[in-house]
Amino acid sequence: MLRIWDTFLYEGSKVLFRFAIAVFKYYEEELLGMENSIQIFNRLRTMCQDATDINRLAQIAFYEINPFPMKTIDSRRIHHRQQIKAELEELDAIRSQGPPAPSPPAPSQPTCSKDVDSDEEIPPLIHWD
């Protein structure tokens, strides 16, 4: 972990992207072999804890995923930031409309075959004698 921080402080945020992609590359075969999204999500939670071979991660980050220009990172960051802003604006518009109108109540169902006046006593269904 210190090696990642050292490289980050020396080279900047680009290194974080490199190492993040390196972790995915490190586990690529395992992830591709999984059958469903639940397995993948469970593995993603523990992936970084299990990646202890920092030399291998550095090898992947700096030699196997080249070129990795900052222009590409910046352009993708701008693109995705615009998408997120548009989605947030859409959510705000939906929220500003207020909650949906409540649906009308279901028609009342008769409780028995004959109509009962409100002053009449309703006979019990079960007798506890």
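Draft legend 1. The overall build of the protein chain, seen in detail. Looking only at helices and strands, the protein chain has six helices and zero strands in total. Each helix and strand of the protein chain, ordered N terminal to C terminal, gives the series α-α-α-α-α-α. Taking all 129 residues of the protein chain together, 16% fall into the buried category. Put simply, of all contacts in the protein chain between residues at least 6 apart along the chain, 66% involve residues at least 24 apart.

Draft legend 2. Here's a closer look at the packing of aromatic side chains. Applying the stated criterion across every chain yields a total of two aromatic pairs. Their ring planes at 80° and their centres at 5.7 Å tell us that Phe19 and Phe62 sit as a pair that is edge-to-face. Of this pair, Phe19 sits in helix α2 (residues 14-26) while Phe62 sits in helix α5 (residues 54-64); the two residues are 43 residues apart in sequence, bridging distant segments of the chain. Across the pair, Phe62 and Phe19 agree in class, each one buried. Pairing Tyr26 with Tyr27 gives two aromatic rings, centres 4.9 Å apart and planes at 80°, and the pair type is edge-to-face. Taking the ring centre of Tyr27 as reference, the NZ or CZ of Arg43 above it sits at 4.6 Å.

Draft legend 3. Structural detail: the side chain of Arg18. One can find Arg18 in helix α2. Separated by 2.4 Å, the side chain of Arg18 and the backbone oxygen of Ala61 make a polar contact.

Draft legend 4. Structural context of the confidence of the model for the protein chain. When pLDDT is averaged across the protein chain, the result is 78; 71% of the residues are at 70 or more. Summarising per-element confidence for the protein chain, the mean pLDDT is lowest in helix α1 (residues 2-11) (66) and highest in helix α3 (residues 28-32) (92).

Draft legend 5. Focus on the side chain of Arg43. Mapped onto the secondary structure, Arg43 falls in helix α4 (residues 37-50). Polar side-chain contacts of Arg43 include one of 2.7 Å to the side chain of Glu30.

Draft legend 6. Structural detail: the nonpolar core. In terms of nonpolar packing, the biggest core is built from 14 residues, with Phe19, Tyr27, Leu57 and Phe62 touching the most fellow members. No other element matches the five residues that α5 contributes to this core.

Draft legend 7. Examining the pattern of salt bridges more closely. Enumeration according to the criterion identifies six salt bridges in this entry. Ionic pairing is found between Glu64 and Arg56, a salt bridge with its closest N-O pair at 2.6 Å. Among the residues examined, Glu64 registers a relative accessible area of 38% and is labelled partly exposed. One salt bridge connects Arg77 with Asp74, and the closest N-O pair in it is separated by 3.7 Å. Of this pair, Arg77 and Asp74 both sit in helix α6 (residues 70-96), three residues apart, which is roughly one turn of that helix. Looking at Arg77, the relative accessible area reads 31%, which means it is partly exposed.

Analysis parameters
- Residues numbered from 1 in each chain as written.
- Predicted model: local features only at pLDDT ≥ 70, side-chain atom pairs only at ≥ 80, totals over all residues.
- Heavy atoms only, no water.
- Helix = DSSP H or I, 4+ residues; strand = E, 2+ residues; numbered from the N terminus.
- Buried < 20%, exposed > 50% of the residue type's maximum accessible area, 1.4 Å probe, protein only.
- Contact = heavy atoms within 4.5 Å.
- Phe/Tyr/Trp six-rings, centres within 6.5 Å; stacked < 30°, edge-to-face > 60°.
- Lys NZ or Arg CZ within 6 Å of the ring centre and 35° of its normal.
- Polar contact = N/O pair within 3.5 Å; in protein donor to acceptor, adjacent residues only side chain to side chain.
- pLDDT = per-residue confidence, 0-100.
- Core = buried A, V, L, I, M, F, W, Y, C linked by side-chain atoms within 4.5 Å.
- Salt bridge = Lys/Arg side-chain N within 4 Å of Asp/Glu carboxyl O.

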